[in-house]
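So the chains spell out like this:
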There are 2 protein chains.
Amino acid sequence: MILSTQERTDAVRRMIHPRSIAIIGASADFAKVNGRPLKHLLEKGYTGRIFPVNPKYPEIAGLPCFPSIEELPEPPDLAIVAVQARDVLANIEALGRRGVRAAVIFSSGFGEMGAEGKSRERELGERANAAGVVLCGPNCLGFVNAFDNVYATFSQYADGETGPGPIAFVTQSGAFGTAIAALARQRELGLGYFINTGNQVDLGFSELMLSVVEDPRIRVAAGYLEGLDDGAALVRLAQRCQELGKPLVLTKVGRKASGARAAASHTGALAVEDVVFDAVIRQYGVLRARNEEQMLDMLEALSQTRVARGSGLGIVTQSGGAGVMMADRAEEMGLTVPELTVVTQNRLSDVMPAFGASGNPVDVTGEFVARPELLSESVVAMMDDPNIHVGIVWLQLMTAHVEKLVRIFSEIQSRTNKPVLVCWIAAPQEAVKQLHELGMVVFTAGERAVEAASALARFHISQQRAINRSATESGVASCVPNNLTDGVQDTVQASEWLSAAGIPMAPVALAGSEDEAVTLWRAAKGPVALKIESPDIIHKTEIGGVLLKLDDETAVRDGYQTLMQRASRELPQARIRGVLVQTMSQGHLELVVGVQRDPVFGMIVMVGLGGILVEVLKDVAFRRAPFDMEEGLQMLSELRMGALLDGVRGQPAVDRKAIAHLLSDLSGWAASMQPVLAELDLNPVLVGGAGPIAVDCVMVLKDERP
Amino acid sequence: MILSTQERTDAVRRMIHPRSIAIIGASADFAKVNGRPLKHLLEKGYTGRIFPVNPKYPEIAGLPCFPSIEELPEPPDLAIVAVQARDVLANIEALGRRGVRAAVIFSSGFGEMGAEGKSRERELGERANAAGVVLCGPNCLGFVNAFDNVYATFSQYADGETGPGPIAFVTQSGAFGTAIAALARQRELGLGYFINTGNQVDLGFSELMLSVVEDPRIRVAAGYLEGLDDGAALVRLAQRCQELGKPLVLTKVGRKASGARAAASHTGALAVEDVVFDAVIRQYGVLRARNEEQMLDMLEALSQTRVARGSGLGIVTQSGGAGVMMADRAEEMGLTVPELTVVTQNRLSDVMPAFGASGNPVDVTGEFVARPELLSESVVAMMDDPNIHVGIVWLQLMTAHVEKLVRIFSEIQSRTNKPVLVCWIAAPQEAVKQLHELGMVVFTAGERAVEAASALARFHISQQRAINRSATESGVASCVPNNLTDGVQDTVQASEWLSAAGIPMAPVALAGSEDEAVTLWRAAKGPVALKIESPDIIHKTEIGGVLLKLDDETAVRDGYQTLMQRASRELPQARIRGVLVQTMSQGHLELVVGVQRDPVFGMIVMVGLGGILVEVLKDVAFRRAPFDMEEGLQMLSELRMGALLDGVRGQPAVDRKAIAHLLSDLSGWAASMQPVLAELDLNPVLVGGAGPIAVDCVMVLKDERP
């Protein structure tokens, strides 16, 4: 039986929240992989029914042990499969026959084990699907549902305290995921769910996370990724998290080429271009953490319940230098460290000692030990400032003053409802514990506190963005022209399609002879460019196939001949369609705009600046199509050379909105062409006072409709 | 009496290593600032003589207390001054009269307290100098010499264990410095010296560090800076550290500090404070840590005694993802993660399980728990590879296997003499302790281990560089021309000076009339550029003051008139010298090269790429003059657009060495002109097949000779 979508969703839900669990291949040795789940289920108080299955034992730890799956007294909601790789398939099929709809497979020896393992894994996936059993794994550590004491895992993480909490953590890596979970425990961050996806033959990262993020006890979703093959699922997950108002924090390894090489040898997942991944997840409000420490820092900040309703950071320290360091980092992270209002400044000077600075950052020095109100009043004044949305208080040591400081922070916490993050270097453990009880988070380094504050602000901004997002993004009907052929398209045809989609294209027509070229030049009523036209010559300039600013008959005739001669000399095999005659366009800036069908995320739109430098500097921005104009403006704001758009050395500024419009329109058209469009380059798009205009166009179709 | 250089050096040495200490304003209340030093000196076993001075007490803690400085039984090597700010000056003068040559001043109320405090501080400095007393402070926490149990401090750091160790730590901030020292203690990093410079009225950061870095028990120098006024002293310190073979690690806050000055040149505009600081300290081998955590990570790596003799990093993990993450970070940090030799690969496949990857990074999975040799043999094979210079082993948890792992690491440590860094996530405390005893360092996060490994490699490389540095850098005789006037120099004169110094300058001459311009054009035997010449028109293009590629008499005559008319229309007040006639030069790339006299570091040379984009992208590199060609090549390698030099899109590569030669020659000339040269722009320097040639030159002199 193949499960319906609803049946599948139900099966996953019951897998994570099982009323009964079978352990296939259960061992009485609780140190072993196949003994550990039972140990944890019993010791940590799972209240459902447990059915060990192993013909070797009549009972384990007082529970009756069943000789086979067939003899199970009922079909459990979850089967844990901990048998040799070669026995997995038969067991899964037996589970399916017994009516079991979900299994977690610990066993290794699949996709991670070369070609033979990959083929075994493929078969497992197909046969499990036919048997109506959804799978987590194989080659995974399983999962913990800490709310219901479900320990379907042999991870070392389960050896210690796994008290539930507001974070759902899903990891593709077992070892790294266990490490992250252990660090979360050290910080007293509660994981409500800990799930290792393993080889993902069936259930992938996004589907598993979707199944737990709906739980109202979960406030934050956190994931560790090594690769991704279903970009659409990740986008759906990110959008669902935005609807739920829950931040999604992701760490993904493989930022660089060398990393991608090692990743390919480790996981079965397809490599994704990290730059595209990074752009797309940000587009949908995902917070990316560069490594496990930054992820945990963000989770700390996001686990407390207060919201930063803007990017204004207020900093109070007992060290001027720490304040400067944090202010620098804030600027790098896109936060502002605003000037304070006069009201706030007056309040601060009322309480500040003469030698402290009274701007932002505020340095209260160590004087607050003698005068506690110095700290409390300064922080409260700062947080009351309308330009401040999140605060950081920086302290060090103060081992002798824990009680006093906890009292101060308790007062601060009750007098503001904005988030105040504490950075306390070498804090006494007692202080951290008590501040946690106040609902405050404590960081161990100033720059880390700033990064966490920026995560709070970015989450708020992306939520606002999600609310205001234009309806254009909700979806685009496919409108593919008839009678297409794959490959490089004729420029005139491509240009017509794009013009019809609202993209400003420089007028262009094809001349099949010198005379036609002259006629077209006359019609243009001004200087023209001539360009060789052939599906086999994509980069026309490389063979000298472009002539610019021709404006008399002789020049046009000579130009036509020159181009034809060059083409036949350089590329005698090329199919020559003729010569394009194009009106010259104006513009002092050159953009590159393009579309690429990404194997993971689908249609991706790119914009870059700098002509020849685009490739050297990689100064480009990407978005998943379709998107609105606001998103197009965001893309421009990400370009390092974006200042050029506003005019440099006396050049005029150009209209960013017009460019954003072009990008948004192109994204809508690209989305509608998804089944057939492989790639598109508009290079260059000239931009001047009259707005952007595309003067060259390479379009490649590849029909991937079923 | 004013101390001679030798007397001053001796006074500082005795201050740090005193045979006797007086405490001026000593208190019997050991909780107070003026009581704490005595408490620590007594409790921690200082063996020298201690003289409390305070008329209020006959004795403190069993020590006779002296009513006044005059009545001290001998002049101590060090006086700790802990009195009210208003009483400091009189006490310092009394100390001088009593023959005391060094004092540490805790008292605040000086430069940090507005104009009045600043004036009090200036007077203190002058009068102490006249009294022959060197000062540490005021407004400082003092210092700890942990070797000799000298606690001339009231820092909280002294409250705990301060066991000596190989690190000398000097900090400009008391609060932040104490925090860093406390973190160092948490990591069991030993500080031999902890010194807080405070307001630095006399002894500054560099002089204090110089005084302790000579100690053979010190292996690493670490500093925290908030500002710097004596760049030459810092350079001397860095050079001395290189001679001693001891790494100098600095953290400086104020990365974003707005150091931009009003400057005529692009060089001046781009040479902002922190960018120059960063470039110069790297030039002299200083390792910069971006924050306190990175500093401590570097100190951990540098405190172990092994040297990384290259940039090849070998990574062994039990998680493929962790390996990818570290490999990515390695690339970002300038390390390589080399392919392994066939010999190494064969050794690895002999021990590796089938499912681990056998490249670099190596993933040994969790199997080593069952087969310890899997880990030890893999790591040893990796470290034996000639391309590997430093190794990282990544682990997590393994709480049940500490003993086994320590045995494995002990074996690894004895079988290689290359540095192996351990990254052990959530490591049991016991394991960290035992690995420390093996002389190994343990990091808590993979990326941090990589950053520390890169510090080891960079230290080795900068030491090699110091050894090979050409003699040109050792110093340059001043050779300033006679009869100079301040301000913008005539182009022809400036060009002659630079040509004489070996800088390739496009031939240029001044025409005072149309006829002269024509004569000069004829002499050039080819196309020329005409440029308006006026000390009041620095950026000639901005008023249309440049005409290019003129190559007939009419054009030259018309051009001359056009430029004169434009100049008198745009800037009627400008002093017009005439029109420059310059041979047109060839080159497809434009560099900006410049010199700036920096108030902290002296003469700074800049190179940048990208014409108009230089200011947008700030893609420039700086060095302190003079420097050799190797350093010039390094500058070019730092440019993000450096790939342009090697040819992009079919353009030819240019000769990097020729450019480096120009930079080095210019740096030598700039150093010789230090007393009079304020700024210089060569913009652009054209570079083509014939090497670089400067086609424009703005030189500004400002004589600062005494």
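Draft legend 1. Looking closely at the overall build of chain A. Each helix and strand counted, chain A has 22 helices and 30 strands in total. In chain A, which comprises 706 residues, the share counted as buried stands at 59%. Taking the contacts inside chain A whose residues are at least 6 apart along the sequence as the reference set, 71% of them involve residues at least 24 apart. Within the structure as shown, chain A displays about 27100 Å² of accessible surface, and the carbon and sulfur contribution to it stands at 50%. Computed over 66 positive and 83 negative side-chain charges, the inter-centroid distance for chain A is 3 Å.

Draft legend 2. The interface of chain A and chain B, seen in detail. At the interface, 68 residues of chain A touch 70 residues of chain B. Taken together, the two surfaces of chain A and chain B that pack against each other cover about 5600 Å², and 60% of this comes from carbon and sulfur. When the buried surface of chain A facing chain B is broken down by residue, Met325, Ile612 and Arg649 of chain A rank first, second and third, together holding 11% of it. The tally of links between chain A and chain B comes to 6 salt bridges.

Draft legend 3. Representation of the side chain of aspartate 628 of chain B in the model. All names here are of chain B. Mapping aspartate 628 onto the fold places it in the loop between strand 27 (620–624) and helix 21 (629–638). Given a relative accessible area of 5%, aspartate 628 falls into the buried group. A polar side-chain atom of aspartate 628 sits 2.7 Å from a polar atom in the side chain of arginine 465. At a separation of 3.3 Å, a polar atom in the side chain of aspartate 628 contacts the main-chain amide nitrogen of glutamate 630.

Draft legend 4. A look at the relation of the copies chain A and chain B. With an RMSD of 0.2 Å, the fit of chain A onto chain B corresponds to turning through 180° and sliding 0.0 Å along the axis. Put plainly, the chains are arranged around a two-fold axis. Interface overlap between copies is the fraction of interface residues in one copy that are interface residues in the other; for chain A against chain B it reaches 91%, indicating a shared surface.

Draft legend 5. Local environment of the pairing of strand 11 (residues 191–196) of chain B. All names here are of chain B. By the criterion of burial, strand 11 is predominantly enclosed, with 6 of the 6 residues buried. Pairing geometry for strand 8 (residues 142–145) and strand 11, over 4 bridges, is antiparallel. Within strand 11, the residue paired with phenylalanine 143 across the bridge is isoleucine 195. Between the parallel elements strand 10 (residues 167–171) and strand 11, the chain passes through helix 5 (residues 174–186) in a crossover that is right-handed.

Draft legend 6. Representation of the state of the cysteines in the model. What the rule picks out here adds up to 0 disulfides over all chains. Cysteine cysteine 140 of chain A shares no disulfide, and the gap to the nearest cysteine sulfur, in cysteine 136 of chain A, comes to 4.2 Å.

Draft legend 7. The arrangement of helix 1 (residues 5–16) of chain B in detail. Residue and element names in this part refer to chain B. Counted at 1.5 Å a residue, the expected span for helix 1 with its 12 residues is 16 Å, and the 17 Å between its end C-alpha atoms agrees. Those residues of helix 1 not exposed but buried are Ala11, Val12, Met15 and Ile16. With its buried residues spanning 130° around the axis, helix 1 presents them on a single face.

Draft legend 8. Focus on the packing of helix 1 (residues 5–16) of chain A against helix 6 (residues 205–213) of chain A. Residue and element names in this part refer to chain A. In the contact formed by helix 1 and helix 6, the axes pass within 10 Å of each other and the chain directions differ by 70°. Relative to helix 6, the element helix 1 is oriented roughly perpendicular. Contact residues: helix 1 offers Arg8, Val12, Met15 and Ile16, while helix 6 offers Glu207, Leu208, Ser211 and Val212. Here the contact of helix 1 with helix 6 is built from residues that sort into 5 nonpolar, 1 polar and 2 charged.

Draft legend 9. Spatial organisation of the packing of aromatic side chains. Residues and elements named next belong to chain A. Per the stated rule, a full pass over the model turns up 16 aromatic pairs over all chains. Within the aromatic cluster, the residues linked to one another by ring pairs are Tyr157, Phe169 and Phe194. Between the NZ or CZ atom of lysine 252 and the centre of the ring of phenylalanine 277, over which it lies, the distance is 4.9 Å.

Draft legend 10. Here's a closer look at the sheet that holds strand 22 (residues 528–533) of chain B. All names here are of chain B. Taken in spatial order, the 4 strands of this open sheet run 21-24-22-23, and their pairing is antiparallel. For this open sheet the edge positions go to strand 21 (508–511) and strand 23 (546–550), each flanked by a neighbour on one side alone. Shown here is a sheet whose adjacent strand axes are inclined to one another by a mean of 25°, direction ignored. Alignment of strand 22 against strand 23, held across 3 bridges, turns out to be antiparallel.

Criteria and thresholds
Residues numbered from 1 in each chain as written. Chains lettered and ligands numbered in written order. Predicted model: local features only at pLDDT ≥ 70, side-chain atom pairs only at ≥ 80, totals over all residues. Heavy atoms only, no water. Helix = DSSP H or I, 4+ residues; strand = E, 2+ residues; numbered from the N terminus. Buried < 20%, exposed > 50% of the residue type's maximum accessible area, 1.4 Å probe, protein only. Contact = heavy atoms within 4.5 Å. Areas by Shrake-Rupley, 256 points an atom, 1.4 Å probe, with all protein chains shown as cover. Lys, Arg positive; Asp, Glu negative; His and termini not counted. Charge placed at Lys NZ, Arg CZ, Asp CG, Glu CD. Buried area = accessible area lost by both parts, 1.4 Å probe. Salt bridge = Lys/Arg side-chain N within 4 Å of Asp/Glu carboxyl O. Polar contact = N/O pair within 3.5 Å; in protein donor to acceptor, adjacent residues only side chain to side chain. Least-squares fit on C-alpha atoms with pLDDT ≥ 70 in both. Pairing = 2+ DSSP bridges. Right-handed = clockwise from strand over helix to strand, strands pointing away. Disulfide = S-S within 2.5 Å. Expected span 1.5 Å × (residues − 1). Arc of directions from axis to C-beta. Axes fitted to C-alpha atoms, helices over the stretch in contact; angles between N-to-C directions. Parallel < 35°, antiparallel > 145°, perpendicular 65-115°, else oblique. Nonpolar A, V, L, I, M, F, W, Y, C, P; charged D, E, K, R; others polar. Phe/Tyr/Trp six-rings, centres within 6.5 Å; stacked < 30°, edge-to-face > 60°. Lys NZ or Arg CZ within 6 Å of the ring centre and 35° of its normal.

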